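# Survey of secondary and tertiary structure
The residues making up each chain are set out below.
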Amino acid sequence: MSHDAPPPVGDRHIGVGIGGGIDVERVRRDTPGLTRRIHLNHAGASPSPDVVVDTVVDHLRLEAEVGGYEAADLAAPQLQATRSSVATLLGCAPNAIAFTAGATDAWQRVFWSFPWRRDDVVLVGRSEYVANALALLRAERAIGVRVEVIEDDASGAVDVDAIARRLRAGPVALVSLVHVPTSSGLVNPAAAVGAVCRAAGVPLLLDACQSVGQLPTDVEELGCDVLTATGRKFLRGPRGTGFVYVRPTLMTRLDPLLVDGNSATWVDAERYELSPGALRFEAFERNHAALLGLGRAVDYALELGLDAIADRVAALGVRLRALLGAVNGVTVRDPGTDRCGIVTFTVDGHAATEVRDHLAAGGVQVWTSNAVHAQLDLPHRGLHDVVRASVHYVTTDDELDRTVELVAAISPATNA
Ligand SMILES: Cc1ncc(COP(=O)(O)O)c(C=O)c1O
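The notes below deal with the structure included here. (Residues numbered from 1 in each chain as written. Predicted model: local features only at pLDDT ≥ 70, side-chain atom pairs only at ≥ 80, totals over all residues. Heavy atoms only, no water.)

### A few points about the sheet that holds strand S4 (residues 146-149)
- Read from one edge to the other, the open sheet built from seven strands follows the order S2-S8-S7-S6-S5-S3-S4, with strand pairing classed as mixed. The open sheet terminates on both sides in strands that have one partner only, identified here as strand S2 (97-100) and S4. Neighbouring strand axes in the sheet, compared pairwise and without regard to direction, differ in orientation by 20° on average.
- As paired elements, strand S3 (residues 121-124) and S4 share four bridges and run parallel to each other. Bridge pairing in S4 links valine 122 to valine 147.
- Strands S2, strand S7 (226-230) and strand S8 (242-246) of the sheet are contacted by helix H4 (residues 76-90), whose axis makes an angle of about 115° with S2.
- Docked against the sheet, helix H5 (residues 103-111) engages S2, strand S5 (174-178), strand S6 (204-207), S7 and S8, running at close to 155° with respect to S7. (Pairing = 2+ DSSP bridges. Helix = DSSP H or I, 4+ residues; strand = E, 2+ residues; numbered from the N terminus. Axes fitted to C-alpha atoms, helices over the stretch in contact; angles between N-to-C directions. Contact = heavy atoms within 4.5 Å.)

### Some remarks on the state of the cysteines
- A complete count under the given rule lists zero disulfides for this structure.
- Cysteine cysteine 224 shares no disulfide, and the gap to the nearest cysteine sulfur, in cysteine 92, comes to 9.2 Å.
- Cysteine 224 gets classed as buried once you look at its relative accessible area, which sits at 0%. (Disulfide = S-S within 2.5 Å. Buried < 20%, exposed > 50% of the residue type's maximum accessible area, 1.4 Å probe, protein only.)

### Some points on helix H11 (residues 288-304)
- In this model H11 runs 25 Å from its N-terminal to its C-terminal C-alpha over 17 residues, within 8% of the 24 Å that 1.5 Å per residue would give.
- Most of H11 is tucked away: 13 of the 17 residues are buried.
- You can read the cap of H11 off the contacts: a side-chain oxygen lies 3.2 Å from the backbone nitrogen of alanine 289, and it is on asparagine 287.
- Directly beyond the C-terminal end of H11, a positive phi value near 95° is found at glycine 305. (Expected span 1.5 Å × (residues − 1). Polar contact = N/O pair within 3.5 Å; in protein donor to acceptor, adjacent residues only side chain to side chain.)

### What to know about the site of the ligand
- Taken together, 13 residues lie near the ligand, and Thr104, Asp207, Thr230, Arg232 and Lys233 sit nearest.
- Within the side chain of threonine 104, one N or O atom sits 2.7 Å away from an oxygen atom of the ligand.
- For the ligand, an oxygen atom lies 2.8 Å from a polar atom in the side chain of lysine 233.
- Protein burial of the ligand: of its 390 Å² of free accessible surface, 89% is covered by the chains.
- Counted by class, the shell around the ligand contains five nonpolar, five polar and three charged residues. (Near = heavy atom within 4 Å. Areas by Shrake-Rupley, 256 points an atom, 1.4 Å probe, with all protein chains shown as cover. Nonpolar A, V, L, I, M, F, W, Y, C, P; charged D, E, K, R; others polar.)

### Regarding the sheet that holds strand S15 (residues 385-390)
- Here we have four strands laid out as an open sheet, ordered S11-S12-S15-S14, and antiparallel in their pairing. Of all strands in the sheet, those with a lone pairing partner are strand S11 (330-332) and strand S14 (367-370), marking the two edges. Strand-to-strand twist of the sheet, defined as the mean angle between neighbouring strand axes without regard to direction, takes the value 35°.
- With four bridges connecting them, S14 and S15 associate as antiparallel partners. The residue of S15 that forms the bridge with serine 369 is valine 386.

Here it is in structure tokens:
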């Protein structure tokens, strides 16, 4: 795939009727790189607005000037503000948030802190993410935990009734759900799953890696006990950042696997005490510059408003699916009835990577998803790989038109 910068795309005819309260010209100006290429890989990593980049660089310069520990002291109020911003985003208290290096780090820190015993049952959906699934396979192999896959409903979303039935049928230790999968534009009915889990008294671990920043993710509305997320995707923060929310009532039932001088206090030669709140899941060594950038990215999203973002992203997703669906030889592959800014499709006669490379040559950056990222999902739907185009509120109608034009150009039906 070529990474050479293609010619400028410009900002012609922005947002035909779907600005949705967001000043699209302004947000595009805030991220100049977006005017030099068509970036439809926000589900991979979304380019950060300049204010985020400046925040990171300023702190790196401060560290170079005064030293890393001294810079951390000076930035302590802003670091605390980052925790508060994430708490506002999730509708929880700041001390229920721990910072991590990404979503997988967040997920595994909490998952491995459950007091697992042989024959404990974990329910998962077909959207389970590769890293989570691998941890579950390891827990099966090493401990004898039993992982049960809950089938999808007729629409292709996780079947909430099937979860409720299984929760009634016998003990379940944990329900693990991916809100928005890596491999499709589906939005799983997380709040409905949260409600049945609460009714059964079983914790829900929600992987919100692909939903934070593009959808409202209030932990009370979602009814989850753990929520894991990354900074670099729809939140548009720096790479290497993430966070986890842990419900205070669950916190005390968990025994953090990874303890250090931040997550615990070494009180005497034989004993340690866990730090209060979610700090017990957080490592001492963190990239402070990136974390401050994450805080700025979260504030940026909060300033735009998660409802406004979700409306615009959904409208762009609908438009892209409609345009692609109208091209002969192209099949849109997103299951479910509730969908987001991730749009997956296949082109007859072409592997997903061929389509990606063709689009890259035309200045459009998309990504692909294949079976090794989604063994419970794509093969189950008879698919080996899909092209993944992911829009964000910065995306314009012109960009979608250009993308579909390029896709049509390699469709065998167009060239027949
Ligand atoms: C649904 C989902 N969960 C988890 C992750 C892992 O995130 P990270 O790379 O920050 O660990 C991803 C990454 O693509 C994802 O799509």
